[in-house]
Amino acid sequence: MYKKINTPLTEEVIENLKSGDTVLITGRIFTARDAAHKRMVESLDNGQELPFDIKNQVIYYVGPCPAKPGQAVGSCGPTTSGRMDAYTPKLLEIGLKGMIGKGYRNKEVVDAMMKYHAVYFTAIGGAGALLSERVIESKVVAYDDLGPEAIHEFTVEDFPVIVTIDMYGNNLYESEREKYKKANF
Amino acid sequence: MREVKADDIKKTVELLCIEANYNLPQDVLNILKEKAYEEVSETGIEILNSIIENAKIAKVKKMPICQDTGVAVIFVEIGQDVHVVGGSLYDAINNGVKDGYLNGYLRKSIVSDPFIRINTNDNTPPIVHYDIVGGDKLKITVAPKGAGSENMSALKMMKPSDGIEGVKKFIIDTVEASGPNACPPLIVGVGIGGNFEYAPLLAKKALLRPINQRNNDDDIRALEEELLLKINSLGIGPQGLGGSITALAVNIEKYPTHIAMLPVAVNISCHVTRHATAIL
């Protein structure tokens with residue numbers, strides 16, 4: 001059973017999302033991956049503003065394929081989140097509330113998620129064609145020179161994700177694996 | 001000497017880049033369908049079904065299966081009686097990649113320098129492996145490889161005394177450490193023997209093997225089967241969210257090595273293990 005939520009995220013929505021929940025996201029989300037994160041955090045370190053208001057927003061770790069004529073976006077599945085760990089606590093501190101990616105997060109990120117109340121969602125890695133059908137509009141809002149790594153604003157409708165780490169620190173990667181592990185060797 | 005035109009090579013590479021990125025090989029698709037029945041986790045089954053659905057959408061809509069259309073890894077087998085005319089072989093391949101990634105709406109993921117990191121905007125240069133073989137044909141395989149799984153791959157120069165048990169442990173540890181990051185279910189390519197640069201190449205070539213085809217060597221076949229069982233006992237499951245299908249296959253290639261060496265390379269590949277081949 002999917003929970004339907006809208007962006008930007010409210011404190012109430014975040015409090016009610018538990019690890020293991022399957023969620024459909026509707027609204028605007030922002031894409032950013034390696035190079036955009038580096039640039040955003042350098043801007044903050046230099047006392048400059050970010051190119052979009054990050055407060056209560058969701059960042060999707062993705063570098064989409066170019067859209068073919070008639071498409072909103074090309075394939076757009078999640079990239080490995082751990083590469084953004086070095087930059088994430090700083091963004092959570094200034095109001096980022098949700099992240100969509102795939103794979104492990106480090107302790108600093110989980111601690112910051114608990115401190116500032118944020119959620120880590122995962123989408124199916126490698127399902128870029130399927131996920132592109134839930135993106136109805138895409139436009140570049142910053143760092144155009146980075147190509148696929150530019151910050152895009154996606155308008156998504158029922159974008160399917162799983163709450164993998166919630167604001168309470170519950171981690172689906174840790175809890176689920178144990179259930180299926182066989183001690184046969 | 002048989003002549004092959006550089007332009008034909010360029011066009012072929014262009015088409016192979018697109019074909020490989022749009023169409024999941026049938027053997028991979030078939031095994032995903034089989035494994036969706038074997039998976040015990042409900043989430044795992046749903047994920048496997050979504051992955052199958054994704055491959056169908058990519059094929060029908062002629063779009064990339066995965067947005068990480070990868071480094072263009074190209075294997076070229078050149079018959080010793082082939083003569084390339086009308087340009088250099090490397091330029092033909094490089095320009096074919098450029099055309100394929102631009103015309104196929106594939107993502108450009110290559111940066112020109114590991115530190116300066118400026119996108120080359122056409123996904124060149126590719127990584128090309130040449131083998132000179134007998135005959136007068138030119139065989140080209142394009143095997144795009146994404147970073148999620150490549151980043152979780154590893155090489156270890158083991159001691160001969162580590163033996164087969166040590167090798168098994170290294171392979172399983174490498175898969176275990178990759179967890180959800182490499183987009184399981186995985187195909188695990190392993191190269192054992194050779195030397196420091198050859199074991200990883202064997203591991204990469206192992207990924208090209210049809211998924212249901214085991215190694216001809218009885219001992220290696222048994223090792224492939226044993227490792228697959230053990231990997232699927234780790235509990236990692238589809239996308240690392242728990243389950244019994246962590247890997248679809250373990251493909252091992254071996255090669256003679258030095259009296260003092262036991263190199264082992266593990267090239268992890270995701271469920272979108274792609275390749276397309278043409279013979280000119």
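Predicted, not measured: the structure shown is a model, and the values here were computed from it.

Observations regarding the overall build of chain B
Step number 1: A tally of helices and strands in chain B yields eight helices and ten strands.
Step number 2: Here the C-alpha atoms of chain B give a radius of gyration of 19 Å, agreeing with the 19 Å that 2.2 N^0.38 yields for 280 residues.
Step number 3: In terms of overall dimensions, chain B has a C-alpha envelope of 55 × 50 × 40 Å along the principal axes.
Step number 4: Burial status across chain B gives 56% buried among its 280 residues.
Step number 5: Here chain B has roughly 11,700 Å² of accessible surface; of this, 54% comes from carbon and sulfur atoms.

A few points about the overall build of chain A
Step number 1: Of the regular secondary structure elements, chain A holds six helices and seven strands.
Step number 2: When the helices and strands of chain A are placed in sequence order, the string is β-α-β-α-β-α-β-α-β-α-β-β-α.
Step number 3: With respect to the three principal axes, the spread of C-alpha positions in chain A is 50 × 40 × 35 Å.
Step number 4: Residues counted as buried form 55% of the 185 residues belonging to chain A.
Step number 5: Long-range pairs, those at least 24 residues apart, make up 63% of the contacts in chain A with a sequence separation of at least 6.
Step number 6: Counting only carbon and sulfur atoms, one obtains 48% of the accessible surface of chain A, whose full area is about 7,700 Å².
Step number 7: Averaged over its 22 positive side-chain charges, chain A has a centre that lies 5 Å from the centre of its 25 negative ones.

Observations concerning helix α1 (residues 6–22) of chain B
Step number 1: Here α1(B) is 17 residues long and its end C-alpha atoms lie 25 Å apart, about the 24 Å a rise of 1.5 Å per residue gives.
Step number 2: Turning to α1(B), its buried residues number three or more, namely B:Ala6, B:Ile9, B:Thr12, B:Val13, B:Glu14, B:Leu16, B:Cys17, B:Ile18, B:Ala20, B:Asn21 and B:Tyr22.

A closer look at unusual backbone geometry
A negative phi angle is the norm for most residues apart from glycine, just as the trans form is the norm for most peptide bonds.
Step number 1: In the segment running from A:Thr7 into A:Pro8, the intervening peptide bond is cis, with an omega of -10°.
Step number 2: Within the element layout of this structure, A:Pro8 appears in the loop between β1 (2–6) and α1 (11–16).
Step number 3: At the junction of B:Thr124 and B:Pro125, the peptide bond is cis and its omega measures out at 0° in the coordinates.
Step number 4: Following the sequence through the fold, B:Pro125 ends up in the loop between α4 (89–103) and β4 (127–133).
Step number 5: Of note in this structure, A:Asp158 is not a glycine but carries a positive phi near 50°.
Step number 6: Looking at the element boundaries, A:Asp158 is found in strand β7 (residues 151–165).

What to know about the UniProt feature "domain: Fe-S hydro-lyase tartrate dehydratase alpha-type catalytic" (unreviewed entry) in chain B
Step number 1: The feature "domain: Fe-S hydro-lyase tartrate dehydratase alpha-type catalytic" (unreviewed entry), as annotated in UniProt, sits at residues 11–278 of chain B in this numbering.
Step number 2: Helix makes up 38% of residues 11–278 of chain B and strand 24%, with an end-to-end C-alpha separation of 11 Å.

What counts, and at which threshold
- Residues numbered from 1 in each chain as written.
- Chains lettered and ligands numbered in written order.
- Predicted model: local features only at pLDDT ≥ 70, side-chain atom pairs only at ≥ 80, totals over all residues.
- Heavy atoms only, no water.
- Helix = DSSP H or I, 4+ residues; strand = E, 2+ residues; numbered from the N terminus.
- Rg over C-alpha atoms; globule rule 2.2 N^0.38 Å.
- Buried < 20%, exposed > 50% of the residue type's maximum accessible area, 1.4 Å probe, protein only.
- Areas by Shrake-Rupley, 256 points an atom, 1.4 Å probe, with all protein chains shown as cover.
- Contact = heavy atoms within 4.5 Å.
- Lys, Arg positive; Asp, Glu negative; His and termini not counted.
- Charge placed at Lys NZ, Arg CZ, Asp CG, Glu CD.
- Expected span 1.5 Å × (residues − 1).
- UniProt positions renumbered as here; feature names shortened; annotations may be inferred.

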